[in-house]
Amino acid sequence: MLRFLASRLIQAVLVLLAVLCITFVLLKRAPGSPLESERNIPEHIRAQKRAQLGLDQPEYVQLWRHIHAFTTFQFPVSEKNGGRTVDEIIREAFPVSAVVGGAALLIALGLGVPMGALAALRPHTLEDRACMLVATAGLCAPSLVLGPLVALGFGLKLRWFNASGWYDADDWVLPALTLGFIYSASIARLTRAGLRETLAQEFIRTARAKGASEAAVVFRHAFKLACLPLLNYLGPAAAGLLTGSIVTEVVFQLPGLGRHFVASAVNRDYELAMACAAFYALLIVAFNLLVDFVQALLNPRIGWHRA
Amino acid sequence: MASGMNSQVHPGPWRAAGRRLRRSRLAMAALVFLALLVAACALGPLLSPYGPNDQDLALKATAPSAAHWFGTDPLGRDLATRVLHGGRISLLVGAVATLVATLIGVGYGLLAGLSSRGVDAFLMRVVDILYAFPFVTFVIILVVVFGRELWLIFAAIGAVEWLTMARVVRGQVLALRDLEFVTASRASGARLPHLLLRHLLPNVLGPVVVYASLTVPGVMLLEATLSFLGLGIQPPDASWGVLIREGADAMETHPWLLAGPGLFFSVTLLALNLLGDALRDALDPKSAAA
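Residues numbered from 1 in each chain as written. Chains lettered and ligands numbered in written order. Predicted model: local features only at pLDDT ≥ 70, side-chain atom pairs only at ≥ 80, totals over all residues. Heavy atoms only, no water.

**Student:** What is the right way to look at the overall build of chain A in this model?
**Tutor:** Secondary structure assignment for chain A yields 13 helices and 0 strands. Counting across all 307 residues of chain A, residues that qualify as buried make up 49%. Across chain A, the fraction of contacts at a sequence separation of at least 24, relative to all contacts at a separation of at least 6, is 73%. Of the roughly 15,000 Å² of accessible surface on chain A, 64% is carried by carbon and sulfur atoms. (Helix = DSSP H or I, 4+ residues; strand = E, 2+ residues; numbered from the N terminus. Buried < 20%, exposed > 50% of the residue type's maximum accessible area, 1.4 Å probe, protein only. Contact = heavy atoms within 4.5 Å. Areas by Shrake-Rupley, 256 points an atom, 1.4 Å probe, with all protein chains shown as cover.)

**Student:** Before we go on, may I ask you to explain the overall build of chain B in this structure?
**Tutor:** When you go through chain B residue by residue, the secondary structure sums to 13 helices and 0 strands. Reading chain B from its N terminus to its C terminus gives the helix and strand order α-α-α-α-α-α-α-α-α-α-α-α-α. Sorting the 290 residues of chain B into buried and exposed places 49% on the buried side. Of the roughly 13,600 Å² of accessible surface on chain B, a fraction of 67% belongs to carbon and sulfur atoms.

**Student:** Where do I start with a nonpolar patch on the surface in this structure?
**Tutor:** Residues and elements named next belong to chain A. Where nonpolar side chains cluster on the molecular surface, the patch consists of Val 99, Trp 166 and Trp 172 and spans about 250 Å² of accessible area. By the element assignment, Trp 166 lies in the loop between helix H6 (143-157) and helix H7 (173-199). For Trp 166, a relative accessible area of 30% translates into the label partly exposed. (Patch = residues over 30% accessible without salt bridge, like charges linked within 9 Å, V, L, I, M, F, W, Y side chains within 5 Å. Salt bridge = Lys/Arg side-chain N within 4 Å of Asp/Glu carboxyl O.)

**Student:** Sorry, what's going on with the interface of chain B and chain A here?
**Tutor:** It is common to give the size of an interface as the accessible area that goes away when the parts come together. Across the boundary between the two partners, chain B contributes 38 residues, which contact 46 residues of chain A. Overall, the association of chain B and chain A removes approximately 3,300 Å² of surface from exposure, summing both partners, and the carbon and sulfur fraction of that is 79%. Of all residues in chain B, Ile141(B), Val145(B) and Met251(B) bury the most surface against chain A, accounting for 16% of the area lost on that side. Between chain B and chain A we count 1 salt bridge in total. Asp277(B) is the salt-bridge partner of Arg189(A), the closest N and O atoms lying 2.7 Å from each other. Mapped by element, the contributors of at least two residues to the side of chain B that touches chain A are helix H5 (117-131), helix H6 (135-146), helix H10 (192-228), helix H11 (240-249) and helix H12 (256-283) of chain B. Split into classes, the residues belonging to the side of chain B that touches chain A amount to 27 nonpolar, 6 polar and 5 charged. (Buried area = accessible area lost by both parts, 1.4 Å probe. Nonpolar A, V, L, I, M, F, W, Y, C, P; charged D, E, K, R; others polar.)

**Student:** What exactly am I supposed to notice about unusual backbone geometry here?
**Tutor:** Positive phi, normally seen in glycine, also occurs at Gln253(A), with a value near 50 degrees. The class of Gln253(A) is partly exposed, set by a relative accessible area of 46%.

**Student:** I'm lost on the state of the cysteines in this one. Help?
**Tutor:** The term disulfide refers to a covalent linkage connecting the sulfur atoms of a pair of cysteines. One pass over the full model with this rule turns up 0 disulfides over all chains. Free of any disulfide, Cys21(A) has its nearest cysteine sulfur in Cys276(A), 18 Å distant. (Disulfide = S-S within 2.5 Å.)

**Student:** For this particular structure, what's the right way to read the packing of aromatic side chains?
**Tutor:** When we look at a pair of aromatic rings, we describe it by the centre distance and by the angle of the planes. Residue and element names in this part refer to chain A. Under the counting rule described, the total for this entry stands at 5 aromatic pairs over all chains. For the pair Phe 94 and Phe 279, a centre-to-centre distance of 5.1 Å together with 80 degrees between the ring planes defines the contact as edge-to-face. Taken together, the positions of Phe 94 in helix H4 (residues 86-121) and Phe 279 in helix H12 (residues 270-298) put the pair 185 residues apart, joining distant regions of the chain. A relative accessible area of 23% means that Phe 94 is categorised as partly exposed. (Phe/Tyr/Trp six-rings, centres within 6.5 Å; stacked < 30°, edge-to-face > 60°.)

**Student:** Just to check I follow, could you spell out the nonpolar core for this structure?
**Tutor:** What tends to happen in soluble globular proteins is that the nonpolar side chains get buried as a cluster. Counting 127 residues, the largest nonpolar core has Ile140(B), Phe228(B) and Phe265(B) as the members making the most contacts within it. With 13 residues, the top contributor of residues to this core is H4(A). (Core = buried A, V, L, I, M, F, W, Y, C linked by side-chain atoms within 4.5 Å.)

And the structure:
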């Protein structure tokens, strides 16, 4: 168990380092520099500015400085954002993404798991078909189609919520509903598949044979095992949701992390883009670790074999 | 190739799979729809009286009518023509990027499955690590860095979507390579190319077809997302992602601009998903029974 977690931790650190390096190398290859847009600067000041930003040093030194800054929590300043440090920007944007994403995750689970369970327990009935129809609808209604529709319907036409922006206390509702519905589709399908596969196994027959009630069979015996594929999906999904779906943030014009990231990549704001990429990677890695841990708890066999 | 090879086994796994597939009415409907869609996107822009970028500024944005089935956009361009024309790019990205992803994935999976234990472990650990990558992030940076050319979008998306394919192929090869018929073939002096072409590839083809078909909608969604964010196909060229963005921006006053491309995109994703699911059920009866 300990060895398993240790190997996963080392892997997580490797991933983070790789993300930082690759992002840095790619951004350096990009034509254009962060000073390009400031046209009328005399040459000696430009050189000073480059020295100040460390742009005159060899690339591996620059990369090392970036990594060093991240590991010691001395975050660099984002030149394009009025000289604020990148952690200030992330600290301001992340709660927006996290509130929307967290609500979306709860909606997705609350909708998806019961739908999938209902479908699995009554296979080939009307309920099964209805649930799977909704789940299939979720598959083919990506956020770039559903988002504008939701904004148009509940925002512009019914006027229940703001169609875009981040002004009122309930502005999280529409983006969270959009994302929650989309993610609930995959969750319902995974729950159904996992539960049906588990219910067909021998130990379930044993449990039934010894006279366990249907509820005990489903909740005590089947659900634990049926959750494993779902958990695998939930790790990256949760990280993706919390850091903000970029499309949803653009559609509903939320001041979240996703929008900062796209803007920073387009503006060649190396510091902010790298910080965003690192933060994304950090969250994904953290959630994967969490999933590994929970899986090892639920099913001790996994931990030993995959370590 | 594969069906000929298996013809001595009756009725042949591929023919049996084809029969199972034909029995699924949903899958057949999806297949017919996709065939019609491809034909419409290929021929439609040629038959249409309007060009995809022909502007009619006197017309401006008009609601759907007999002359303009999906209406026109604020520049007076015929939306139906633009949707079909954009469909060419969207479908092309779906096909080419999936091909790129499949080639990388199959190659990598074969390599890992046929390598020694240590090399295999290393290769699959690399895949594990790549799974933890924030990939949308990655594609966005790639596209921003290297410009927004079409071939680059193919490559960037393909380079991201091959991981599951590699895992599937490698697992399949590991299961196959120690089976009696492969051992027998090797014992009788068969070389690697012969083993690959005659025994391994025909047997991994089923799962590869299934996962490739399930990759297509993911790839198309990624392209549409990039184009929606303004990082993919650039106007005046239009993929469905671009058209959906234009529609979303104007939906309050001209909702039909969102309806046309949005509907086409959603129904196409639906058809691709249905077909992929049916293919999996047909080619892998075990998973269908579960």
